[in-house]
Amino acid sequence: MCGIVGVIGNPQAVDVVTTGLSRLEYRGYDSAGLAVLGPAGAIHTCKAVGKLAALMAKIPGFNATLPTPPTTAIGHTRWATHGAPTEANAHPHVGTCGAHTIAVVHNGIIENYNEYRTTLAKQGATFASETDTEIIPNALAHRMQGVGVSLVQAVQQLTPTFRGHFAFVAMAQGKPDELVGTRRGAPLCVGLAEGASYLVSDPLALAGICSRFVYLEDDDVVHLTPNRLTITDKNGLPTTRPVTTLDLSTEASGKQGFKHFMLKEIHEQPAVCARILQEYTDAQTLLPCLPLLGLNLATVTTINIVACGTANYAGQVGKYAIESLSRIPTNTDIASEFRYRTPPLRPGDLFIAVSQSGETADTLAALEHAKANGQQILVLTNTPTSTMARMADAVINLQAGREIAVASTKAFTAMVLNLILLGLQLGHARGHLSGAQVHGHTTHLRTLPGLIESMLSHTGVLQKVASGLTGSHSALFLGRGMLAPLAYEGALKMKEISYIHAEGYASGEMKHGPIALVEPGLPVINLATSTDGLFEKTLSNLQEVAARRGHIILVTDDAGATQLPLSGKQGLTLVTVPSSPPLLAPIIFAVPLQLLAYLTATEKGTDVDQPRNLAKSVTVE
Ligand code: AGP
């Protein structure tokens, strides 16, 4: 959460910062701000509450106050943690002590900020915000004034005393030719160009500006001048980090004619599935060939899949797939719970982190815990340069292409399809599935792009259901087997972007409590495939809702629709999807759920791509 951009040595520093922030808005959009070092070395700041557009409106006026275009600037887009989204809490934050004034942009949380705040206040510091961030520039300025050290030395000395996961960039009044940055847990990398250098949360911020990047390790401190990069490691010793060249020009940009990124990304799913199947199945044999060489599968007795939010629901589908296809016992966990319940972990077992961004703090903490306990680490991510990917023994690139909308759609589909392929590959490697059986499954999977395509062009019924939902305060989503996690995901999508309270339940669990919620007219979205052997049971659960006059919206396949008893059809809204083998169902059923949430949200007029209170990348625990 929060996006950072730092620029040094570029006369277009303000433009680079604002362009970079526009690409990092996915990390938070509660407020934005920037600070520049003017020609006399004075710090000038400009901040605005709300999305970047509010800051952009202020930039011409701000530029007019500067005698010459600055070459050094830092900028920030905020997802609020400590303190409401106000201008006072917007970054950059500035702290002064004696002759030293420091400006800082920060991502993450300084957990011991309160102790610092108390101590600094006793030393005469005053605070203008409610943020944890503000202690950083104040502590740095006090250190510089107190012991006569430089900015970089102050950062080196104080960073080890800050608790938590964070990244920050600092600049000092009167020092127009230096920026200092550090990170722990949260991302920060250096961009290198001729005569200029950059510090950013994500290289995407610098697409078209530079292509050479240096990823910092935890507790590295980087000192940048326009032409020089110096890094010290967590022990304060000089070090170097490899330079990675990235081709960011191929990143698709813009909505390409769609009203929202989310809709564009829903429509990209046929292409995403085709790409995954082409990349990860052998063209001749059709056997999966995921890049697992870094793993020793012979030692694996148990698999732990750990993730958050949508990625966790994809992981739950993965559990069904892996257990049924390979017979390897598989657990799933929410990352924020896994880490702190200290589960017994057997060295040599497999830990799978699933993360679109590869930066989610909870998942990262769980991964570090598993690694420290001798687990082999497999990461499924859409960002192969991410922190998680760099810590893994093996990485499966989700191949979804950059996902911009906060509500995840194509990344979910990609996670599920890759986990199904993983189940097939493990099942074959373990001798549980024959080559012919795997071939049969992958042949079916190859029909996915066409099946999804056909659903995307028939949204009439969903539009009617969505119109009905806009007046509802609440909705239930129900499913069994592999479709239970789809019910959870459908409910999550609905609440994220339409703000309608929605709960997902395993159908069989309804009678154990949630059925008390059913009252006349309550929308209950039931997911049922006719091919998993559970159809009749699901229909019984549906009757239980009908008996209490809930409004049943049944999402089922064409074959299921024909099996409905005539009486069961009364008072029910039917949404049909193409019939498919059971392994394909979680992907097929995802599409109408995504569209339903999207259509409901657009009808309600909410901010679909950037819903309130959320951010795409959650880098705080
Ligand atoms: C998805 O719609 C959500 N915005 C959210 O649940 C997301 O899936 C979660 O934060 C995990 O993110 P990750 O995949 O980048 O780790």
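This text goes with the structure placed above it.
Throughout what follows, the structure given in this document is the object of discussion.

1. Remarks on helix α17 (residues 535–547)
- If you check α17, its first and last C-alpha atoms are 18 Å apart, about what 13 residues at 1.5 Å a residue would give, namely 18 Å.
- Taken together, the buried positions of α17 are Phe 535, Thr 538, Leu 539, Asn 541, Leu 542 and Val 545. Angular distribution of buried residues about the axis of α17 spans 160°; they occupy a single face of the element. Every exposed residue of α17 that faces more than 90 degrees away from the buried side is listed here: Glu 536 and Ala 547.
- Its buried side turned inward, α17 meets β21 (474–479), β23 (523–528), β24 (551–557), α18 (558–562) and β25 (572–577).
- Immediately beyond the C-terminal end of α17, within one or two residues, lies Arg 549, with a positive phi of roughly 60°.

2. Brief notes about unusual backbone geometry
- Omega for the peptide link from His 91 to Pro 92 comes to 0°, which places this bond in the cis form.
- For Pro 92, the location among the structural elements is in the loop between β4 (72–78) and β5 (93–97).
- One non-glycine residue with positive phi stands out, namely Tyr 499, at about 65°.
- Looking at where Tyr 499 falls in the secondary structure, it is placed in the loop between α16 (483–498) and β22 (501–506).

3. Description of the packing of aromatic side chains
- By the definition in use, this model includes 6 aromatic pairs.
- Pairing Phe 162 with Phe 166 gives two aromatic rings, centres 6.2 Å apart and planes at 80°, and the pair type is edge-to-face. Residues Phe 162 and Phe 166 agree in their burial class; the two are buried.
- A ring pair is formed by Phe 162 and Phe 168, whose centres lie 6.3 Å apart and whose planes are at 65°; its orientation type is edge-to-face. Phe 168 carries the same exposure label as Phe 162, and that label is buried.
- One aromatic cluster is present, built from ring pairs that chain together Tyr 116, Phe 162, Phe 166 and Phe 168.
- Positioned above the aromatic ring of Tyr 29 is the side chain of Lys 51, whose terminal nitrogen or guanidinium carbon lies 5.6 Å from the ring centre.
- The side chain of Arg 612 reaches across the aromatic face of Tyr 499, ending 3.8 Å from its centre.

4. Details of the pattern of salt bridges
- Summed over all chains, the structure comprises 15 salt bridges.
- The closest approach of N and O atoms between Asp 220 and Arg 241, which form a salt bridge, is 2.8 Å. Of the two residues, Asp 220 is situated in the loop between β11 (212–215) and β12 (221–225) and Arg 241 in the loop between β14 (238–239) and β15 (243–245); the sequence distance between them amounts to 21 residues.
- Accessibility expressed as a relative area gives 23% for Arg 241, which makes it partly exposed.
- For Lys 493, the salt bridge is made with Glu 496, and the minimal N-O distance between the two is 3.6 Å. Of this pair, Lys 493 and Glu 496 both sit in helix α16, separated by 3 residues, roughly a single helical turn.

5. A look at the packing of helix α8 (residues 309–326) against α16
- Orientation of α8 relative to α16, taken along the N-to-C sense of each, is 170°, at an axis distance of 9 Å. In terms of orientation, α8 and α16 fall into the roughly antiparallel class. Every pair of crossing elements has a handedness; the one defined by α8 and α16 is left-handed. Packed against α8, whose contacting residues are Gly 309, Thr 310, Tyr 313, Gln 316, Val 317 and Tyr 320, the element α16 presents Pro 485, Leu 486, Tyr 488, Glu 489, Leu 492 and Lys 493 at the interface.
- Its residues assigned to classes, the contact of α8 with α16 comprises 7 nonpolar, 3 polar and 2 charged.

6. As for the side chain of Thr 600
- Counting through the fold element by element, Thr 600 comes out in helix α19 (residues 585–604).
- For Thr 600, a relative accessible area of 0% puts it in the buried group.
- Here Leu 596 takes part through its backbone oxygen, which lies 2.6 Å from a polar atom of the side chain of Thr 600.
- Leave out the neighbours within four places in its chain, and Thr 600 touches Ala 466, Leu 469, Thr 470, Met 494, Ser 498 and Ile 500.

Calculation criteria
Residues numbered from 1 in each chain as written. Predicted model: local features only at pLDDT ≥ 70, side-chain atom pairs only at ≥ 80, totals over all residues. Heavy atoms only, no water. Helix = DSSP H or I, 4+ residues; strand = E, 2+ residues; numbered from the N terminus. Expected span 1.5 Å × (residues − 1). Buried < 20%, exposed > 50% of the residue type's maximum accessible area, 1.4 Å probe, protein only. Arc of directions from axis to C-beta. Contact = heavy atoms within 4.5 Å. Phe/Tyr/Trp six-rings, centres within 6.5 Å; stacked < 30°, edge-to-face > 60°. Lys NZ or Arg CZ within 6 Å of the ring centre and 35° of its normal. Salt bridge = Lys/Arg side-chain N within 4 Å of Asp/Glu carboxyl O. Axes fitted to C-alpha atoms, helices over the stretch in contact; angles between N-to-C directions. Parallel < 35°, antiparallel > 145°, perpendicular 65-115°, else oblique. Left-handed = near helix turned anticlockwise from the far one by under 90°. Nonpolar A, V, L, I, M, F, W, Y, C, P; charged D, E, K, R; others polar. Polar contact = N/O pair within 3.5 Å; in protein donor to acceptor, adjacent residues only side chain to side chain.

Distances and angles like these do not, on their own, reveal function.
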